[in-house]
Amino acid sequence: MDPSTDFPGLLELNQKQALGVGTPLFGAMNATRLRRGMVDLLCHVCGKQTVRQDRYIFPVASGGLVTLQDGLQQYGCNVPPMHRACALRASHASPHLSKVSEPPLRCARDEGRLIYRTDVTPGLEAIAAALPQGVDVVRSCYRLYGDAFTAKVMGARKAWETTTLTRRATRGGRA
Ligand SMILES: [Zn+2]
C-alpha cells in the first residue's frame, strides 16, 4: 500500500510487476499495471504508450453505460486502450474477445474523464480483507466519455448486435 501519486490524498494498491513472466491472466489483471494503463493510456497488451492516432478499445467486450445524476448515460471504460496491432492480436489470443468477435473501435479526441473507485472489484477480495479499515484506497479506475464518443460506442454496439444476430440466424438456418 502506497500513497497515491495519481490521486493525491488517497492510498493505492500496488502489486509487483513481472513483465513477460508467467502466463497472462485475462480477467485477473495486475492492479498496478491496470491503473497505470488507465492513467497514462498505456497499451493493455504491450504496455507502451498509445497515441491518439493509434488508440483502440473493444466497445462491446469492455466497459458499460454509466447513468449520471441527471439521468443521462455515458460510456465508461475500465480497460486500458490498445494499439491497433495489439488489439487485433488480443482479439485472437483472449478467449473472451475471440468469443465476442468484434472489430476494435478507434478512440476519438475525447480521452475520457478519469474516475477512481474505492470499492472492491472482483478478484481483489482477499487483498481487500488485509487492508486497513476506514481509509479510502484506490482500487480501480475507469474513464468516462462524453456524448460524442458515447454515441460512437452505442453505434458500434448496435452494428455488432445486428451482425451477430444475422450470423447466428444464418448459422441456425444451416443447422
Ligand atoms: Zn500495444
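Residues numbered from 1 in each chain as written. Predicted model: local features only at pLDDT ≥ 70, side-chain atom pairs only at ≥ 80, totals over all residues.

All right, on to unusual backbone geometry then. Phi at leucine 41 takes a positive value of approximately 55°, unusual for a residue other than glycine. Within the secondary structure, leucine 41 sits in the loop between α1 (31-40) and β3 (56-57). Even without being a glycine, serine 101 presents a positive backbone phi close to 50°. Secondary-structure assignment places serine 101 in the loop between α3 (95-100) and β6 (105-106). The exposure class of serine 101 is partly exposed, given the 14 C-beta atoms found within 10 Å. (Helix = DSSP H or I, 4+ residues; strand = E, 2+ residues; numbered from the N terminus. Buried ≥ 20, exposed ≤ 12 C-beta atoms within 10 Å, placed from the backbone.)

To continue, consider the sheet that holds strand β4 (residues 64-67). Strands sit in the order β4-β5-β9-β7 across an open sheet of four strands; the sheet is antiparallel. The strands lining the two open edges of the sheet, one partner per strand, are β4 and β7 (113-117). The sheet shows a mean angle of 40° between the axes of neighbouring strands, taken without regard to direction. Where strand β5 (residues 73-77) lies against strand β9 (residues 140-144), two bridges are found, and the strand directions are antiparallel. In the strand pairing of β9, cysteine 77 is matched with arginine 143. Against the sheet, α1 engages β7 and β9, with an angle of about 25° to β9. (Pairing = 2+ DSSP bridges. Axes fitted to C-alpha atoms, helices over the stretch in contact; angles between N-to-C directions. Contact = placed C-beta atoms within 7 Å.)

Moving on: the confidence of the model for the protein chain. In this model, the protein chain carries a mean pLDDT of 82, and residues with pLDDT of at least 70 account for 74%. In this model residues 23-27 is a low-confidence stretch, pLDDT under 50, and it forms four contacts with partners more than four residues away in sequence or in other chains. (pLDDT = per-residue confidence, 0-100.)

The subject of this paragraph is the environment of alanine 108. Mapped onto the elements, alanine 108 comes out in the loop between β6 and β7. Linking alanine 108 and tyrosine 56, residues 52 residues apart in sequence, is a C-alpha distance of 9.1 Å. Not counting residues within four places of it along the chain, the set of residues in contact with alanine 108 comprises Ala148, Phe149 and Lys152.

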